[in-house]
Amino acid sequence: MTTLVMLSSLAVLAVTGEVLWGRRADRPDPSAVLRGPSAEHLLGTDHLGRDQLARLLSATWPSLLPAVTATLVGAVAGIALGALTAVVGRRAARLLGAVINLLLAFPAILVAMFLAALFGAGETGAVLALAVASAPGYARIAQTLAAQVAGTDFMAAARVLGLRRHRLLLRHVLPHIAGPLVLNTTVAAGSALAALSGLSFLGLGAQPPAYDWGLLLNQGLDRIYTEPLPAVAPGIAIVYAAVAFQLLGEMPAGAAARRARPFPEEGTAARPARAARPASADHVLEVEGLRVDLPTADGVLRPVRGVTLTLRRGEMVGLVGESGSGKSLTALALADLLPDGARATWSSHRFLGADVGSVSRKERRGQLATGIALVFQNPASAFNPSLRIGTQMAEAVRTHRGVRRAEAVDLALDRLHRVALPAGRRLLRSRPFQLSGGQRQRVAIATASMMRPALLIADEPTTALDVTVQRQIMELFHRVRDEDATAVLLISHDIALVADACDRVLVMYGGTIVEALPAGELAAGARHPYTRMLVASVPDLDAEPGSAPRAAQGGPPDPYGTAAGCAFRDRCPRRLERCAVEDPVLSRLGPGHEVACWQPLPAPPSRARQGSEEAQK
């Protein structure tokens with residue numbers, strides 16, 4: 001109520017001040033020059049006999065308008081400069097950051113005074129000077145906030161969709177950081193009012209016959225020891241307005257963070273056609289020798305060291321391994337979503353039959369945006385919390401298929417129904433934080449299937465979900481695979497889940513694939529010592545009471561290491577002298593079974609052989 005009363009009084013004075021008191025404020029009276037406060041003139045008169053109270057009230061609009069204008073101009077310029085660092089390339093972001101740091105090296109008020117003198121004394125010059133001087137401060141705040149958004153999963157997903165920079169800025173960056181910026185901008189309006197009043201006080205702002213509170217303060221200063229009220233009253237007005245702006249800042253900040261464009265309720269349209277693909281190509285993805293290098297202060301980190309994998313249509317392949325083995329970075333490299341500074345190289349990389357390395361980065365992003373979808377480990381961070389679910393689900397098809405909003409709504413409703421979320425339209429109007437963890441993961445799968453991708457990469461999609469929801473999520477992946485012939489790469493630590501859900505399993509250690517085998521053979525037919533170690537660490541419900549699974553001994557290899565030989569040799573009970581000097585390569589042991597080991601474990605005896613041995617006994 002205090003804020004509303006203060007703002008209402010300022011608004012009324014700004015609108016009516018000139019109308020009600022303008023004539024009296026400009027009418028000189030030679031018989032009443034420099035008089036003190038009286039019943040006729042509550043604040044006294046100036047050197048021309050004009051009423052000081054009338055001038056103070058009619059100066060409300062000339063004082064507030066320049067302050068608000070300077071604040072908005074400086075905020076728009078500074079926020080645009082700072083937020084751009086989140087959507088441009090690494091070099092451009094570094095250059096923009098250097099410019100912001102350089103501009104911040106000078107105090108804003110000194111810059112404003114210098115520019116005001118440079119532009120020439122007057123209200124326009126003072127407004128421009130203050131806007132330019134305040135822009136670097138806004139830029140630094142926007143840069144800091146945008147840096148937090150730039151590393152989120154939903155920004156990575158937006159980039160892989162191939163959205164243009166202006167859409168990334170307007171839809172994903174600015175709405176997410178709007179709350180703090182609105183608060184800062186509103187509060188800064190009070191500081192701008194004080195700064196402009198100071199410039200007018202120094203003779204660089206409003207020039208006679210125009211006037212504002214700062215100029216009135218200057219004119220009353222000469223009599224401050226004999227008649228202090230004419231000088232104190234403009235100061236009180238400045239403080240009053242500044243406090244009102246300060247209180248106002250808390251009101252729109254929360255509303256801006258929650259505000260989002262409403263999604264339409266109605267509309268009917270046909271489902272967009274699926275992109276044409278070569279009918280004869282069975283392989284969705286073929287990668288040989290994939291490597292990822294991460295430059296650091298301690299040297300080059302090599303978390304992925306020559307991964308070779310193939311995915312066929314409608315195939316679900318599990319990728320397992322300890323933390324730090326390179327699983328997630330392999331997925332990010334395949335989707336061209338590596339962090340800044342990381343570099344991916346390969347011997348061969350073909351997606352949907354096309355050589356990825358032979359096209360430009362823009363064309364590659366276009367292929368990946370429509371052909372690959374990702375389901376991240378944490379669905380809460382994969383969605384933009386400031387946008388509605390419907391807006392985020394429709395973004396990909398509207399960007400790459402050019403469909404109308406109503407068509408995108410119908411497709412989103414269809415996808416939500418397929419993942420067992422029937423409350424479609426109400427859910428489309430919801431925001432991510434209003435959904436449970438299982439609902440968010442279902443929405444993530446529905447969003448990933450909007451483009452009917454050829455490849456779906458799921459990075460730990462069942463983490464932190466109970467077993468019932470885990471089973472439902474895996475059933476959804478099977479449905480997407482069966483209905484759209486989508487290849488699924490499932491990254492997980494859960495060996496039992498992968499063995500039960502996948503067709504094939506790839507075991508990763510030290511940045512390489514050490515074993516590839518059918519999922520049905522994982523429990524008993526693994527031949528690599530590391531794979532056996534992982535299987536042995538899984539709890540067995542049929543084990544004897546009191547027995548515990550065997551924990552994997554040792555730790556992963558040094559990611560900076562460049563020594564030759566098998567990365568698993570220090571932990572391997574079957575190591576040979578050859579393991580210290582030669583890297584093992586994937587060798588075929590049977591149908592669909594390959595192992596990278598110089599001395600693989602012996603094959604388990606067949607059931608027939610076991611039966612004959614038992615009969616002999």
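Model, not experiment: these values are computed from the prediction. (Residues numbered from 1 in each chain as written. Predicted model: local features only at pLDDT ≥ 70, side-chain atom pairs only at ≥ 80, totals over all residues. Heavy atoms only, no water.)

Chemist: What is the right way to look at the overall build of the protein in this model?
Modeler: Counting its secondary structure elements, the protein contains 23 helices and 13 strands. By the burial criterion, 47% of the 617 residues in the protein qualify as buried. Contacts in the protein between residues at least 24 apart in sequence constitute 70% of all its contacts with a sequence separation of at least 6. Of the accessible surface of the protein, which amounts to about 29,600 Å², a share of 58% is contributed by carbon and sulfur atoms. (Helix = DSSP H or I, 4+ residues; strand = E, 2+ residues; numbered from the N terminus. Buried < 20%, exposed > 50% of the residue type's maximum accessible area, 1.4 Å probe, protein only. Contact = heavy atoms within 4.5 Å. Areas by Shrake-Rupley, 256 points an atom, 1.4 Å probe, with all protein chains shown as cover.)

Chemist: When you look at the side chain of Arg55 in this model, what are you seeing that I'm missing?
Modeler: Position of Arg55 among the secondary structure elements: in helix α2 (residues 52–58). A polar side-chain atom of Arg55 sits 3.3 Å from the main-chain carbonyl oxygen of Ala25. The residues contacting Arg55, other than those within four sequence positions of it, are Ala25, Asp26, Asp46, Arg50, Tyr211, Leu216 and Gln219. (Polar contact = N/O pair within 3.5 Å; in protein donor to acceptor, adjacent residues only side chain to side chain.)

Chemist: Sorry, what's going on with empty space enclosed by the protein here?
Modeler: In this approach, a probe sized like a water molecule rolls over the atoms, and the result shows the empty space that is left. What the rule picks out here adds up to 8 cavities of 30 Å³ or more. In this structure, the largest cavity encloses a volume near 400 Å³. Lining the largest cavity are 24 residues, with Ala157, Leu161, Leu374, Thr447 and Ala448 sitting closest to its centre. Counting only elements with at least two residues in the lining of the largest cavity, the list comes to α7 (153–160), α13 (361–371), β7 (372–375), α15 (389–400) and α18 (437–448). Taken together, the residues of the lining of the largest cavity break down into 19 nonpolar, 4 polar and 1 charged. (1 Å grid on protein atoms, 1.4 Å probe; cavity = no way out; pocket = protein on both sides within 12 Å on 5 of 7 lines; lining within 4 Å. Points joined across faces, edges and corners; volume = space filled by probe spheres on them. Nonpolar A, V, L, I, M, F, W, Y, C, P; charged D, E, K, R; others polar.)

Chemist: Teacher, can you tell me more about the side chain of Gln392 here?
Modeler: Mapped onto the elements, Gln392 comes out in helix α15. Accessibility expressed as a relative area gives 8% for Gln392, which makes it buried. Apart from the residues lying within four places of it in its own chain, the contact partners of Gln392 are Phe383, Asn384, Leu387, Pro432 and Thr447.

Chemist: For this particular structure, what's the right way to read the environment of Pro556?
Modeler: Position of Pro556 among the secondary structure elements: in the loop between α22 (529–536) and β12 (587–590). Exposure remark for Pro556: the relative accessible area of 49% places this residue in the partly exposed category. For the pair Pro556 and Gly510, spaced 46 residues apart in sequence, the C-alpha to C-alpha distance is 6.6 Å. If we ignore the near neighbours within four places in the chain, the residues touching Pro556 are Ser323, Tyr509 and Arg571.

Chemist: Help me out: how do you make sense of the pattern of salt bridges in this one?
Modeler: What the rule picks out here adds up to 18 salt bridges. Notably, a salt bridge pairs Arg302 with Asp293, separated by 3.8 Å at the nearest N-O pair. Looking at Arg302, the relative accessible area reads 31%, which means it is partly exposed. Its salt-bridge partner being Asp503, residue Arg481 comes within 3.0 Å of it at the nearest N-O pair. Remark: Asp503 occurs in the loop between α20 (495–501) and β10 (504–509) and Arg481 occurs in helix α19 (residues 467–484); sequence separation between them is 22 residues. (Salt bridge = Lys/Arg side-chain N within 4 Å of Asp/Glu carboxyl O.)

Chemist: Would you mind going over the pairing of β7 with me for this structure?
Modeler: Remark: a regular strand shows side chains that alternate across the two faces of the sheet. Going residue by residue along β7, you find Ile372 and Leu374 tucked away on one face and Ala373 and Val375 tucked away on the opposite face as well. Two elements, β7 and strand β8 (residues 455–459), share 4 bridges in a ladder whose sense is parallel. Considered in β8, the bridge of Ala373 is made with Leu456. (Pairing = 2+ DSSP bridges.)

Chemist: I'm lost on the environment of Leu311 in this one. Help?
Modeler: Counting through the fold element by element, Leu311 comes out in strand β2 (residues 299–312). A relative accessible area of 0% means that Leu311 is categorised as buried. Counting along the chain gives 177 residues from Leu311 to Val488, while the straight-line C-alpha distance between them is 8.1 Å. When near neighbours in sequence (up to four residues on either side) are disregarded, Leu311 contacts Asp282, His283, Val284, Leu285, Val317, Leu455, Ala487, Leu489 and Arg504.

Chemist: Would you take a moment to explain a nonpolar patch on the surface for this structure?
Modeler: A cluster of nonpolar side chains, Ile109, Leu110, Met113 and Leu202, forms an exposed patch at the surface whose accessible area comes to about 360 Å². Mapped onto the elements of the fold, Ile109 is located in helix α5 (residues 108–119). The class of Ile109 is partly exposed, set by a relative accessible area of 43%. (Patch = residues over 30% accessible without salt bridge, like charges linked within 9 Å, V, L, I, M, F, W, Y side chains within 5 Å.)

Chemist: I would appreciate a short explanation of the nonpolar core in the present structure.
Modeler: Generally speaking, a soluble globular protein has its nonpolar side chains buried in company with each other. Core analysis: the largest hydrophobic core is formed by 81 residues, its most contacted members being Val173, Met393, Val443 and Phe477. Residue contacts for Val443: discarding those within four places in its chain leaves Phe383, Ile389, Met393, Leu416, Leu421, Leu427 and Leu435. One finds Val292, Val307, Met508 and Ile513 within the second-largest nonpolar core, a separate group that totals 40 residues. (Core = buried A, V, L, I, M, F, W, Y, C linked by side-chain atoms within 4.5 Å.)

Chemist: How should the sheet that holds β7 be read in this particular structure?
Modeler: For sheets, the rule is that strands pair by backbone hydrogen bonds, running either parallel or antiparallel. Reading across from one edge, β7-β8-β9-β3-β10-β11-β13-β12 is the order of the 8 strands in this open sheet, with mixed pairing throughout. Edge strands, defined here as strands with exactly one partner in the open sheet, are β7 and β12. Looking at each pair of strands side by side, their axes are set apart by 25° on average, direction ignored. On top of the sheet, helix α12 (residues 327–334) reaches β3 (316–320), β7, β8, β9 (487–491) and β10; it is set at about 150° to β9, its chief contact. The strands that α13 touches are β7 and β8; relative to β7, the one it contacts most, it runs at about 60°. (Axes fitted to C-alpha atoms, helices over the stretch in contact; angles between N-to-C directions.)

Chemist: Can you help me understand helix α6 (residues 123–150) in this one?
Modeler: Owing to its 3.6 residues per turn, the α-helix aligns residues three or four sequence positions apart on the same side. Taking 1.5 Å as the rise per residue, α6 with 28 residues should run 40 Å; its terminal C-alpha atoms sit 39 Å apart, in good agreement. For α6, the principal kink sits at Ser134 and spans about 30°; a proline, Pro136, occurs within the next four residues. (Expected span 1.5 Å × (residues − 1). Bend = angle between axes of the 7 residues up to and from the residue.)

Chemist: In this structure, what is going on with the confidence of the model for the protein? I would like to understand it.
Modeler: Interpretation of this model should avoid reading the predicted coordinates in detail wherever pLDDT is low. On average, residues of the protein score 82 in pLDDT, and 89% of them reach the 70 mark or higher. Scored below 50 in pLDDT, residues 607–615 makes 1 contact in the model with residues more than four places away or belonging to other chains. (pLDDT = per-residue confidence, 0-100.)

Chemist: Would you mind showing me how to read the packing of aromatic side chains here?
Modeler: Given two aromatic rings, their pairing is described by the distance between the two centres and the angle made by the two planes. The final tally for this structure, using the stated rule, is 3 aromatic pairs. Between Tyr509 and Tyr530, the aromatic rings sit 4.5 Å apart at their centres with planes inclined by 55°, giving tilted as the arrangement. With Tyr509 in strand β10 and Tyr530 in helix α22, this pair connects stretches of sequence that are 21 residues apart. Of the two residues, Tyr509 and Tyr530, both sit in the buried class. (Phe/Tyr/Trp six-rings, centres within 6.5 Å; stacked < 30°, edge-to-face > 60°.)

Chemist: Help me out: how do you make sense of the packing of α7 against helix α8 (residues 165–201) in this one?
Modeler: Interhelical geometry of α7 versus α8 gives an angle of 175° and a closest axis separation of 11 Å. In terms of orientation, α7 and α8 fall into the roughly antiparallel class. Together, Phe154, Met155, Ala158 and Arg159 of α7 and Leu168, His172, Val173 and His176 of α8 make up the contact between the two elements. Taken together, the residues that form the contact of α7 with α8 break down as 5 nonpolar, 2 polar and 1 charged. (Parallel < 35°, antiparallel > 145°, perpendicular 65-115°, else oblique.)

Chemist: Honestly, the layout of surface pockets in this entry has me stumped. Any pointers?
Modeler: The calculated volume of the second largest pocket comes to roughly 680 Å³. Lining the second largest pocket are 30 residues, and of these Thr512, Gly565, Cys566, Ala567 and Asp583 lie nearest its centre. Counting only elements with at least two residues in the lining of the second largest pocket, the list comes to β2 and β11 (512–518). Looking at which element gives the most residues to the lining of the second largest pocket, the answer is β2, with 4 residues. Residues belonging to the lining of the second largest pocket are distributed by class as follows: 14 nonpolar, 8 polar and 8 charged.

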